[in-house]
Amino acid sequence: MQTTYKKSGLIEKYRQYLPVSASTPVITLGEGNTPLLQSFNIPKMLGCPTLDLFFKLEGLNPTGSFKDRGMTLAISKAVEEGAKAVICASTGNTSASAAAFATKAGLKCYVLLPHGYVALGKLAQAIHYGAQIIPIKGNFDRALELVRELAEHTPVTVVNSINPYRLEGQKTAAFEVVEHLSRQPDYLCIPVGNAGNICAYWRGFKLYRELGITAAAPRMHGFEAEGSAAIVRGEPIKNPETIGTAIRIGNPASWQEAVRAQQESKGKIDSVTDDEILAAYKMLGSAEGIFCEPSSAASLAGLIKHLSDGTIPQNALVTCVLTGNGLKDPDTAQKVTAVDLTPVEADLASLKKVMAL
Ligand SMILES: *Cc1c(COP(=O)(O)O)cnc(C)c1O
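Residues numbered from 1 in each chain as written. Predicted model: local features only at pLDDT ≥ 70, side-chain atom pairs only at ≥ 80, totals over all residues. Heavy atoms only, no water.

Peer 1: When you look at the overall build of the protein chain in this model, what are you seeing that I'm missing?
Peer 2: Each helix and strand counted, the protein chain has 15 helices and ten strands in total. For a compact globule of 357 residues, the expected C-alpha radius of gyration is about 21 Å, and the protein chain comes in at 21 Å, within 12% of that figure. Dimensions of the protein chain, computed from the C-alpha atoms along their principal axes, are close to 70 × 60 × 55 Å. Going through the 357 residues of the protein chain one by one, you find that 52% of them count as buried. (Helix = DSSP H or I, 4+ residues; strand = E, 2+ residues; numbered from the N terminus. Rg over C-alpha atoms; globule rule 2.2 N^0.38 Å. Buried < 20%, exposed > 50% of the residue type's maximum accessible area, 1.4 Å probe, protein only.)

Peer 1: What am I meant to see in the sheet that holds strand β8 (residues 219-225) here?
Peer 2: Here we have six strands laid out as an open sheet, ordered β1-β2-β10-β7-β8-β9, and mixed in their pairing. Each end of this open sheet is capped by a strand with a single partner; those strands are β1 (36-39) and β9 (268-272). Recorded for the sheet is a direction-independent mean angle of 25 degrees between the axes of neighbouring strands. Here five bridges tie strand β7 (residues 187-191) to β8, and the two strands are oriented parallel to one another. Each residue of the ladder has a partner; that of P191, found in β8, is F223. (Pairing = 2+ DSSP bridges. Axes fitted to C-alpha atoms, helices over the stretch in contact; angles between N-to-C directions.)

Peer 1: When you look at helix α4 (residues 93-105) in this model, what are you seeing that I'm missing?
Peer 2: An α-helical turn contains 3.6 residues, so a residue and the one three or four places further along point in the same direction. With 13 residues, α4 should cover 18 Å at 1.5 Å per step; its first-to-last C-alpha distance of 18 Å lies within 8% of that length. α4 sits mainly inside the fold: ten of its 13 residues count as buried. Those residues of α4 that fall on the buried side of the exposure criterion are N93, T94, S95, A96, S97, A98, A99, A100, F101 and A102. Just past α4, the residue G106 takes up positive phi, approximately 80 degrees. (Expected span 1.5 Å × (residues − 1).)

Peer 1: Would you explain the site of the ligand in this entry?
Peer 2: Inspection of the region around the ligand gives 14 residues, with K67, N93, G193, N194 and T323 positioned closest. Backbone polar atom of G193 to an oxygen atom of the ligand: 2.8 Å apart, as the coordinates give it. At a separation of 2.8 Å, an oxygen atom of the ligand approaches a polar backbone atom of A195. If the ligand stood free it would expose 380 Å²; the protein chains cover 94% of that surface. Considered class by class, the residues forming the shell around the ligand number five nonpolar, seven polar and two charged. (Near = heavy atom within 4 Å. Polar contact = N/O pair within 3.5 Å; in protein donor to acceptor, adjacent residues only side chain to side chain. Areas by Shrake-Rupley, 256 points an atom, 1.4 Å probe, with all protein chains shown as cover. Nonpolar A, V, L, I, M, F, W, Y, C, P; charged D, E, K, R; others polar.)

Peer 1: I keep staring at the packing of α4 against helix α5 (residues 120-128) and nothing clicks. Help me out?
Peer 2: A pair of packed helices is characterised by two quantities: the angle between their axes and the separation of those axes. Two elements in contact, α4 and α5, have axes separated by 7 Å at closest approach and are oriented at 10 degrees. Regarding the angle of α4 to α5, the classification is roughly parallel. Seen from α4, the contacting residues are S95, A96 and A99; seen from α5, they are L123, Q125 and A126. Split by residue class, the contact of α4 with α5 holds four nonpolar, two polar and no charged. (Parallel < 35°, antiparallel > 145°, perpendicular 65-115°, else oblique. Contact = heavy atoms within 4.5 Å.)

Peer 1: Explanation requested: the pairing of β9 in the structure shown.
Peer 2: Both faces of the sheet carry side chains from a regular strand, because those side chains alternate between them. With four of five residues buried, β9 is to be regarded as a mostly interior element. As judged from the five bridges shared by β8 and β9, these two strands associate in the parallel manner. Looking across to β9, one finds that H221 is bridged to K268.

Peer 1: Looking at this model, I keep getting lost on a nonpolar patch on the surface. Mind explaining?
Peer 2: Side chains of V344, L348, L351, V354, M355 and L357 sit close together on the surface and give an oily, nonpolar patch of about 620 Å² of accessible area. Relative to the helices and strands, L351 resides in helix α15 (residues 348-354). (Patch = residues over 30% accessible without salt bridge, like charges linked within 9 Å, V, L, I, M, F, W, Y side chains within 5 Å. Salt bridge = Lys/Arg side-chain N within 4 Å of Asp/Glu carboxyl O.)

Peer 1: Sorry, what's going on with the packing of aromatic side chains here?
Peer 2: The geometry of an aromatic ring pair is captured by the separation of the ring centres together with the interplanar angle, meaning the angle of the planes. Enumeration over the complete set of coordinates arrives at six aromatic pairs. Taking the centre distance of 5.2 Å and the plane angle of 55 degrees together, the rings of Y14 and F175 count as tilted. Here Y14, found in helix α1 (residues 10-14), pairs with F175, found in helix α8 (residues 172-181); they are 161 residues apart in sequence, far enough to count as distant. The burial state of Y14 is the same as that of F175; both residues are buried. Chaining the aromatic ring pairs together yields one cluster made of Y14, Y17, F175 and Y208. (Phe/Tyr/Trp six-rings, centres within 6.5 Å; stacked < 30°, edge-to-face > 60°.)

Peer 1: In this structure, what is going on with the pattern of salt bridges? I would like to understand it.
Peer 2: In total, this model carries 15 salt bridges according to the counting rule given. E176 serves as the salt-bridge partner of R69, at 2.9 Å between the closest nitrogen and oxygen. Of the two residues, R69 sits in helix α3 (residues 67-80) while E176 sits in helix α8, which places them 107 residues apart along the sequence. Taking the relative accessible area as the measure of exposure, R69 reaches 0% and is therefore buried. For E176, a relative accessible area of 3% corresponds to the buried category. Taking the shortest distance from any N to any O, the salt bridge between D186 and R183 comes out at 3.0 Å. By relative accessible area, D186 is classed as partly exposed at 30%. R183 sits in the partly exposed class, given a relative accessible area of 35%. One salt-bridge network, in which partners are shared between bridges, spans K56, E58, R69 and E176.

Below, the structure is given as C-alpha cells:
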C-alpha cells in the first residue's frame, strides 16, 4: 500500500533558507516545531499583568535541547561530504545530539573528554546512542585542539560549535517564533554560553525582516551566568563557574558575532547570578508547569532583571528561550525544593490532616 508520508524535521520545512540542495541526504529525528507557550501566571506574579510573555520550549527537541536544530544540518552535510565519522569535545547536550544524529545517519560518533571530568550521568545519552567516549589525559581546551587537528587529517567531521552548519540550522527557531506569534517579538531573552544560539536567532530574525516577512526584528537580550560572564566583563574567564553547566563557558566561540547581534538589534548582553537563575528555574516549574535545565532559566532570570531595572518595558511582547529539558538534571531539581518524606499513618484521618483538608 502506498502512503503519503509528510516528512518531518526542519530541513524539509525550511530548506529554501538552508545551505542544502536536492541531493543533500536529510538526516532527521523530527527536530524543530517546538511549542511556543503563553505564560499567564508569571506576568501576574511579577506584578506586570500587561507583559505579553511566551516561552519557546526547546527542551522538547528529540534529544532534549536546541542542539538538535544545528545537528540535523551538520550531520546531513557531513554525510553529503562523505564523512565516515563525526567527533566532538563535549560533556553535555552537544555530545547527546551528535551521537543521536550520527547513529541515525549510520556514522560513528566519537566524544572526547578531559580525563577526570567524566560524569557518566551527563554522558548517559551519548553512551546510549552508541557513541564512543574517549577520555584524554588533558584539559578541555586540549580536547578541542585534538578534535580540530584530527579533522584536518582524517575523514572525520567536527560537530562542535566551530561547525558552520550548526548556527544555520539553529536559526530556524526564530522562524518558528515568528510563525507562532504571526509577528516578531519586541524582545528575545536567551541564555548565552558559547554565544552561538543568540547569533543564530539574530540571523533568522534578520532574514525574515529582510524578506519582508516581518516589519522589524526583536531586540536580542542575552544572559551569561555571572561566574562565567566573559562578554559582559570584556575578557575571557579562566575558571568559569555556575550552576548552569550548559553556559559554563569562559571564552565563547561566537563572541564577536554575538556582540554584533546585540548592537545591530539594539539589545543587551548582561549577566544573572546563580541565585537568580535558580529562582527563575523554580518559578517555571511551580508556576507554569515547565521543567527546563537550570541554564535555560537564565533567560527568564534576565527578563526579570531587565523588567525591574526598566531596560524592558512592562507591556512588551517577550519570548524567552528555554534551551534544554529539566529531566537532564534531576539532581538540581531535587536540591532546590526540599521535601518532607516522613511517612504518615495509613488511615484516612491522618491523611486528611497532612493534606490540610
Ligand atoms: C548549548 C546550550 C546553551 C548555550 O548555548 P550557546 O549557543 O552556547 O550560547 C544553553 N542552554 C542549553 C540547555 C544548551 O544546551
